[in-house]
Amino acid sequence: MAAEPEDGGEVAPPEAAAAETNAGADPSPPAKEEPAAVAEADQPSAGEGNAKEADPPSSSALPEGLSLNYEEARALLGRLEFQKGNVEAALCVFDGIDLQGAIQRFQPSLSDNAPPKKGPTKSESDSDPPNAATLVLEAIYLKSLSLQKLGKSTEAAQQCKSVIDSVESMFQNGTPDIEQKLQETINKSVELLPEAWKKAGNLQEALASYRRALLSPWNLDEECITRIQKRFAVFLLYGCVEGSPPSCASQPEGIFVPKNNIEEAILLLTILLKKWYQGKTHWDPSVMEHSTYALSICSKPSLLANHLEEVLPGIYPRTERWNTLAFCYYGIGHKEVALNFLRKSLNKHENPKDTMALLLAAKICSEECHLASEGVEYARRAIANTESLDVHLKSTGLHFLGSCLGKKAKTVSSDHQRSLLQTETMKSLTESMTLDRQNPNLIFDMGVEYAEQRNMNAALRCAKEFIDTTGGSVSKGWRLLALVLSAQQRYSEAEVATNAALDETAKWDQGALLRIKAKLKVAQSSPMEAVEAYRVLLALVQAQKNSPKKVEGEADGVTEFEIWQGLANLYSSLSHRDAEICLQKARALKSYSAATLQAEGYMHEARSQSSDALASYVNASSTELEHVPAKVAIGALCSKQGPKYLPAARSFLSDALRVEPTNRMAWLHLGKVHKLDGRIADAADCFQAAVMLEESDPVESFRTLP
């Protein structure tokens, strides 16, 4: 196009331009004729109205098929200005077009779904030809972009919406046969609208626009749909807007309809991953990252693990895949599987210095005594990697190191080694505390460690600090406080703390607290009140079975079997006839249990059936090799059978103390064995240990704490 006149310059009227065109030797219209009417229309005088009235003569004067009316000329000029980067100039040009009027003129032709004719005919003079619709719609789209670039997002969204509204009728009866340029404009408009509403701050309109883009048959290409789906999923996850779920009435019967934003986002991300599996789109690692976040916040790590395992080799870095799979399997409780993935990832030939993988491996090992030694190595490697990096990560490494050392101390047989490991445990936890003073989990673990080492004053201080830090919203803090108070023989205060915890705790999280309350009643010689506490706990567990939101048969880790077992032990201590009934209930739930066999042994022993009692105790010890009460019962029973059984009794009691050094009954019976064997000094030491432990013996073992 030739040089265009400036806005407001002197231009010939459209009639003169037409006459000049007809008089020229060249049959084609001069290039500068095109903006002539536009330039005249730009003047703020009455000439603008004259230019509009002059459109028909100008159009008829040009050769057939090459005519340009007023809207087309302005649309072309605006597009040129936009391509040059003159956004404000382009917007001025677009503002001079009566876009809504033009839309109304060409809408009848757009709604016609008949195939396009092979050539233009003179009978089409009543409505704009298809290329006119394309030019005007493109002008509206470019005007929307211009408004958005100038910060007028609301106006941009309204203009873009007018494009979509004007062509929506075209797609109601299927995909129309339209030219490619018009389809491209529709694609861009559909993609732009929700983004414009987001920038305008109207999130509900953005949500509706995304759904309209995906649910309406716009004939969008696959890449465009993929981009919209990804942006919509990101918007649902991080947009801070809670939209109503899609209407079920507009969906075919049997189609899954998401109930909230997270479900809708997961559905979109799953569709994107499926497209990639089928080769319909390129691999986008951010899709997997968003899927990881979405599935983690809705507690569905197993689905994420399935997606990761479907990714073909060579696409996703294998160490990163292994680490993510480890997190997934740890989240669903498959700790051994998770640790195996981490062992592969931390191999010296892979990525042995990955701090996050080392910390997760140390955390998994800190939860199992037989993995404690391995966890110590992982924790020390993680600490070495974080010496000059993140203080929080170093504190976490020291925390897990202390936990692993504490677990390792429970497995060693030497008292000297145990003492050294317990000292190292407290040193690591204390150093971690200096780096992260407000970490509630660290405070809790330190309190438990103090309690197991029978430093009850320090444990009580940590329990109170944990409750203050968490605002009393975490039940395990109240449980620790109640057990520490019970270890100090302050049963009434422990019961007050338990009642306060029950008032602050949700219904499904009250199981362990009710169990402690029942045992506190037993310790206070109130058996009937203990039975009532067990009855409430049993009702809670049975109500749990009918609730789909929790694991069937459990209330905060308390099972129905444990309740019947506790009642059996209570009635057995009272020599009550209901003990046998409760034991049968427990046996029906779990046929082979060391606790059940142990209770049977107590009943036989109470009836002076020593051989049957010993058989039950031996079976209990065989069922669970580390079952301390069975070892203590065997040792106590053997010590009563005569001098020749004293070595066996001493062996069982010593083994029980190896597993649980703070078991006061084991120390008591071992003292009796030493006394019968003539070792008075050793017996005195054992009795003294039993007395000291009795003064700090909780109603429930601290090992039951999470």
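That block above? That's the structure.
First things first, this report covers the structure right here in the doc. (Residues numbered from 1 in each chain as written. Predicted model: local features only at pLDDT ≥ 70, side-chain atom pairs only at ≥ 80, totals over all residues. Heavy atoms only, no water.)

### Focus on the overall build of the protein chain
(1) Moving on: Within the protein chain one finds 35 helices and two strands.
(2) Moving on: Expressed as a percentage of its 706 residues, the buried residues of the protein chain come to 47%.
(3) Moving on: Long-range pairs, those at least 24 residues apart, make up 59% of the contacts in the protein chain with a sequence separation of at least 6.
(4) Moving on: A total accessible area of about 35,000 Å² is found for the protein chain, and carbon and sulfur atoms account for 52% of it. (Helix = DSSP H or I, 4+ residues; strand = E, 2+ residues; numbered from the N terminus. Buried < 20%, exposed > 50% of the residue type's maximum accessible area, 1.4 Å probe, protein only. Contact = heavy atoms within 4.5 Å. Areas by Shrake-Rupley, 256 points an atom, 1.4 Å probe, with all protein chains shown as cover.)

### Some words on the pattern of salt bridges
(1) Moving on: Applying the stated criterion across every chain, the model contains 29 salt bridges.
(2) Moving on: The salt bridge partner of Glu-195 is Lys-198, with a shortest N-O separation of 3.2 Å. Residue Glu-195 and its partner Lys-198 are located together in helix H10 (residues 180-200), separated by three residues, close to a single helical turn.
(3) Moving on: Under the relative-accessibility criterion, Lys-198 is labelled partly exposed at 27%.
(4) Moving on: Close ionic contact of Arg-650 with Asp-677 constitutes a salt bridge, the shortest N to O distance being 2.5 Å. With Arg-650 in helix H33 (residues 646-659) and Asp-677 in the loop between helix H34 (664-676) and helix H35 (680-694), this pair connects stretches of sequence that are 27 residues apart.
(5) Moving on: Connected via shared salt-bridge partners are Arg-515, Lys-519, Glu-562 and Glu-700. (Salt bridge = Lys/Arg side-chain N within 4 Å of Asp/Glu carboxyl O.)

### So, the environment of Ala-523
(1) Moving on: Looking at the secondary structure, you find Ala-523 in helix H26 (residues 511-523).
(2) Moving on: As for Ala-523 and Ser-486, which are separated by 37 residues in sequence, their C-alpha atoms are 8.9 Å apart.
(3) Moving on: Leaving out residues up to four positions away in the same chain, Ala-523 has contacts with Tyr-491 and Val-699.

### Observations regarding a nonpolar patch on the surface
(1) Moving on: A cluster of nonpolar side chains, contributed by Tyr-238, Tyr-293 and Ile-297, occupies part of the molecular surface with about 270 Å² of accessible area.
(2) Moving on: For Tyr-293, the location among the structural elements is in helix H14 (residues 285-297).
(3) Moving on: When its relative accessible area of 34% is taken as the criterion, Tyr-293 is described as partly exposed. (Patch = residues over 30% accessible without salt bridge, like charges linked within 9 Å, V, L, I, M, F, W, Y side chains within 5 Å.)

### Things to note about the nonpolar core
(1) Moving on: Of all hydrophobic cores here, the largest spans 90 residues; its most connected members are Val-190 and Tyr-378.
(2) Moving on: Setting aside its immediate chain neighbours within four residues, Val-190 contacts Ile-164, Ala-213, Trp-218, Leu-220 and Ile-228. (Core = buried A, V, L, I, M, F, W, Y, C linked by side-chain atoms within 4.5 Å.)

### Notes on the side chain of His-674
(1) Moving on: The topology assignment puts His-674 in helix H34.
(2) Moving on: When residues no more than four places from it in sequence are discounted, the contact partners of His-674 are Arg-650, Arg-679, Asp-682, Ala-683 and Cys-686.

### Quick look at helix H22 (residues 440-452)
(1) Moving on: The end-to-end C-alpha distance of H22, which contains 13 residues, comes to 18 Å, matching closely the 18 Å that a straight helix rising 1.5 Å per residue would cover.
(2) Moving on: Within H22, 10 of the 13 residues are buried, which leaves the element mostly enclosed by the surrounding structure.
(3) Moving on: Of the residues making up H22, those classed as buried are Leu-442, Ile-443, Phe-444, Met-446, Gly-447, Val-448, Glu-449, Tyr-450, Ala-451 and Glu-452.
(4) Moving on: Taken together, the buried residues of H22 touch helix H20 (391-409), helix H21 (415-435), helix H23 (456-470) and helix H24 (475-487). (Expected span 1.5 Å × (residues − 1).)

### Quick word on H24
Since the α-helix packs 3.6 residues into each turn, any two residues three or four apart lie on the same face.
(1) Moving on: Spanning 13 residues, H24 covers 18 Å between terminal C-alpha atoms, matching the ideal 18 Å at 1.5 Å per step.
(2) Moving on: Burial analysis of H24 places 13 of its 13 residues in the buried class, the great majority of the element.

### Concerning the packing of aromatic side chains
(1) Moving on: Applying the stated criterion across every chain, the model contains seven aromatic pairs.
(2) Moving on: Taking the centre distance of 4.9 Å and the plane angle of 15 degrees together, the rings of Tyr-210 and Phe-232 count as stacked. In this pair, Tyr-210 is assigned in helix H11 (residues 203-215) and Phe-232 in helix H12 (residues 222-238), connecting sequence segments 22 residues apart. One exposure class covers both Tyr-210 and Phe-232, and it is buried.
(3) Moving on: Relative to Tyr-617, the ring of Tyr-602 has its centre 5.9 Å away and its plane inclined at 70 degrees; by these criteria the two rings are edge-to-face. You can see Tyr-602 sitting in helix H30 (residues 594-606) and its partner Tyr-617 sitting in helix H31 (residues 610-623), a full 15 residues away along the chain.
(4) Moving on: Looking at Tyr-602, the relative accessible area reads 39%, which means it is partly exposed.
(5) Moving on: A relative accessible area of 0% means that Tyr-617 is categorised as buried.
(6) Moving on: Ring-pair connections join several aromatic residues into one group, and the members of that group are Tyr-210, Phe-232 and Phe-235. (Phe/Tyr/Trp six-rings, centres within 6.5 Å; stacked < 30°, edge-to-face > 60°.)

### Digging into unusual backbone geometry
(1) Moving on: Unusually for a residue other than glycine, Gln-489 sits at a positive phi of about 65 degrees.
(2) Moving on: Along the polypeptide, Gln-489 turns up in the loop between H24 and helix H25 (491-504).
(3) Moving on: Among the residues examined, Gln-489 registers a relative accessible area of 35% and is labelled partly exposed.
(4) Moving on: Phi at Ser-608 is positive, roughly 65 degrees, even though this residue is not glycine.
(5) Moving on: Relative to the elements of secondary structure, Ser-608 occurs in the loop between H30 and H31.

### Regarding the packing of helix H27 (residues 527-545) against helix H28 (residues 560-573)
(1) Moving on: Where H27 contacts H28, the two axes come as close as 9 Å, and the packing angle between them is 165 degrees. Considering the angle they form, H27 stands roughly antiparallel to H28. With respect to the hand of their crossing, H27 and H28 are arranged in left-handed fashion. Along its contact with H27, which presents Pro-527, Ala-530, Val-531, Tyr-534, Leu-537, Leu-538, Val-541, Gln-542 and Lys-545, the element H28 presents Glu-560, Ile-563, Trp-564, Gly-566, Leu-567, Leu-570 and Tyr-571.
(2) Moving on: The residue makeup of the contact of H27 with H28, split by class, is 12 nonpolar, two polar and two charged. (Axes fitted to C-alpha atoms, helices over the stretch in contact; angles between N-to-C directions. Parallel < 35°, antiparallel > 145°, perpendicular 65-115°, else oblique. Left-handed = near helix turned anticlockwise from the far one by under 90°. Nonpolar A, V, L, I, M, F, W, Y, C, P; charged D, E, K, R; others polar.)

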